[in-house]
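Listed below are the residues making up each chain.
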Amino acid sequence: NAGVTQTPKFQVLKTGQSMTLQCAQDMNHEYMSWYRQDPGMGLRLIHYSVGAGITDQGEVPNGYNVSRSTTEDFPLRLLSAAPSQTSVYFCASSLRTASPLSGNTIYFGEGSWLTVV
Amino acid sequence: DQQVKQNSPSLSVQEGRISILNCDYTNSMFDYFLWYKKYPAEGPTFLISISSIKDKNEDGRFTVFLNKSAKHLSLHIVPSQPGDSAVYFCAAQRNAGNMLTFGGGTRLMVKP
């Protein structure tokens, strides 16, 4: 079972370069999102999507763009990389419907380690 | 301002004993609370959750307790095993949506 797949796993960028982190899920989940993890701060939401063609900003959206042209894919674009964007990025997905007793279980990819020098 | 806080960055326990990981929150609008476990170089994996209308939920060795009046929840692991050594994140969710608000994590080390 592939689940949520992220590529690349590791990337080094120079300041000012642009790149795209890829995310794909094969569980037919309506919801997808991107988080970044920084030391001591847990994971913070960057952007999210509730379905194809619909995206919205999370807690820390500046410097990132997203699009959702298909249910399966949700790429994250860094427009002009900055050292402050050095982080570990996690893509996540979940169903739209959820258990009323346990909430909505969100599934994460294995992460993409990005270093901006 | 952090809406979800895990005040202990690390915890060390002996194998076979109980591990108690704590989490505090400030937003009374949260409907669900989830615990995720994370190993190095891997993504977080779902462990257990609880609805705000309940005060306890258990799944095998894992039990989560919720004290709404104190805005506090805890994860109990009994008995602790060396394979439980990982970082544990507390997260909160509104309306069973797709957004989670995370705490900073607690690194649990279970010594053989």
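This one's a predicted model, so the numbers in the text were calculated from it and none came from an experiment. (Residues numbered from 1 in each chain as written. Chains lettered and ligands numbered in written order. Predicted model: local features only at pLDDT ≥ 70, side-chain atom pairs only at ≥ 80, totals over all residues. Heavy atoms only, no water.)

**Q** Is there a simple way to explain the overall build of chain A in this structure?
**A** When its secondary structure is counted, chain A shows zero helices and 11 strands. Of the regular secondary structure in chain A, the N- to C-terminal order runs β-β-β-β-β-β-β-β-β-β-β. A compact globule built from 117 residues would reach a C-alpha radius of gyration of about 13 Å, and chain A, at 14 Å, matches this within 12%. Taken over the C-alpha atoms alone, chain A extends approximately 45 × 30 × 25 Å along its principal axes. By the burial criterion, 47% of the 117 residues in chain A qualify as buried. Nonlocal contacts in chain A, meaning residues at least 24 apart in sequence, comprise 54% of its contacts between residues at least 6 apart. Here chain A holds 7 positive side-chain charges and 8 negative ones, and the gap between their average locations is 8 Å. (Helix = DSSP H or I, 4+ residues; strand = E, 2+ residues; numbered from the N terminus. Rg over C-alpha atoms; globule rule 2.2 N^0.38 Å. Buried < 20%, exposed > 50% of the residue type's maximum accessible area, 1.4 Å probe, protein only. Contact = heavy atoms within 4.5 Å. Lys, Arg positive; Asp, Glu negative; His and termini not counted. Charge placed at Lys NZ, Arg CZ, Asp CG, Glu CD.)

**Q** What is the right way to look at the sheet that holds strand E1 (residues 4-5) of chain B in this model?
**A** Each strand in a sheet pairs with another by means of backbone hydrogen bonds, the pair being arranged parallel or else antiparallel. A sheet is described by the order of its strands in space; here five strands give the open sequence E1-E3-E8-E7-E6 (chain B), paired in antiparallel fashion. Edge positions in the open sheet fall to E1 and strand E6 (56-59) of chain B, since each of these has one partner strand only. (Pairing = 2+ DSSP bridges.)

**Q** Got a minute to help me understand the interface of chain B and chain A in this structure?
**A** Buried accessible area, meaning the area lost when the parts come together, often serves as the stated size of an interface. Across the boundary between the two partners, chain B contributes 24 residues, which contact 29 residues of chain A. Carbon and sulfur atoms make up 60% of the surface buried where chain B meets chain A, a total of about 1,900 Å² over both sides. Scanning the region where chain B abuts chain A turns up zero salt bridges. Elements that contribute at least two residues to the side of chain B that touches chain A include exactly strand E4 (32-38), strand E5 (45-51) and strand E9 (86-93) of chain B. Partitioning the side of chain B that touches chain A into residue classes produces 13 nonpolar, eight polar and three charged. (Buried area = accessible area lost by both parts, 1.4 Å probe. Salt bridge = Lys/Arg side-chain N within 4 Å of Asp/Glu carboxyl O. Nonpolar A, V, L, I, M, F, W, Y, C, P; charged D, E, K, R; others polar.)

**Q** Which parts of the structure should I look at to understand the state of the cysteines?
**A** Disulfides are covalent bonds that connect the sulfur atoms of two cysteines. Residues and elements named next belong to chain B. By the definition in use, this model includes two disulfides over all chains. For Cys23, the disulfide goes to Cys90, at an S-S distance of 2.1 Å. Measuring handedness by torsion sign, the sulfur bridge of Cys23 and Cys90 sits at about -70° and is left-handed. Taken together, the positions of Cys23 in strand E3 (residues 19-25) and Cys90 in strand E9 put the pair 67 residues apart, joining distant regions of the chain. Taking relative accessible area as the criterion, Cys23 reaches 0% and is therefore assigned buried. Since its relative accessible area comes to 0%, Cys90 is described here as buried. (Disulfide = S-S within 2.5 Å.)

**Q** Is there a simple way to think about the side chain of Thr105 of chain A in this case?
**A** Residue placement: Thr105 of chain A occurs in the loop between strand E9 (87-94) and strand E10 (107-108). What makes Thr105 of chain A buried here is its relative accessible area of 18%. Beyond its immediate stretch of four places on either side in the chain, Thr105 of chain A contacts Ser93 and Ser94 of chain A together with Leu34, Tyr36 and Phe46 of chain B.

**Q** Please clarify how the pattern of salt bridges should be interpreted in this entry.
**A** Proximity of charged atoms lets side chains of opposite charge pair with each other. All names here are of chain A. Using the criterion set out here, one finds five salt bridges over all chains in the structure. Taking the shortest distance from any N to any O, the salt bridge between Glu110 and Lys9 comes out at 3.4 Å. Residue Glu110 is located in the loop between E10 and strand E11 (112-116), and its partner Lys9 is located in the loop between strand E1 (4-7) and strand E2 (10-13); the two are separated by 101 residues in the primary sequence. For Lys9, a relative accessible area of 27% translates into the label partly exposed.

**Q** Looking at this structure, how should I read the sheet that holds strand E3 (residues 19-25) of chain A?
**A** All names here are of chain A. Spatially, the four strands line up as an open sheet ordered E1-E3-E8-E7, and their pairing is antiparallel. Pairing within the sheet leaves two strands with one partner each, and these edge strands are E1 and strand E7 (64-66). Going across the sheet, the axis of each strand differs from the next one's by a mean of 20°, ignoring polarity. Examined bridge by bridge, E1 and E3 share four bridges and lie antiparallel to one another. (Axes fitted to C-alpha atoms, helices over the stretch in contact; angles between N-to-C directions.)

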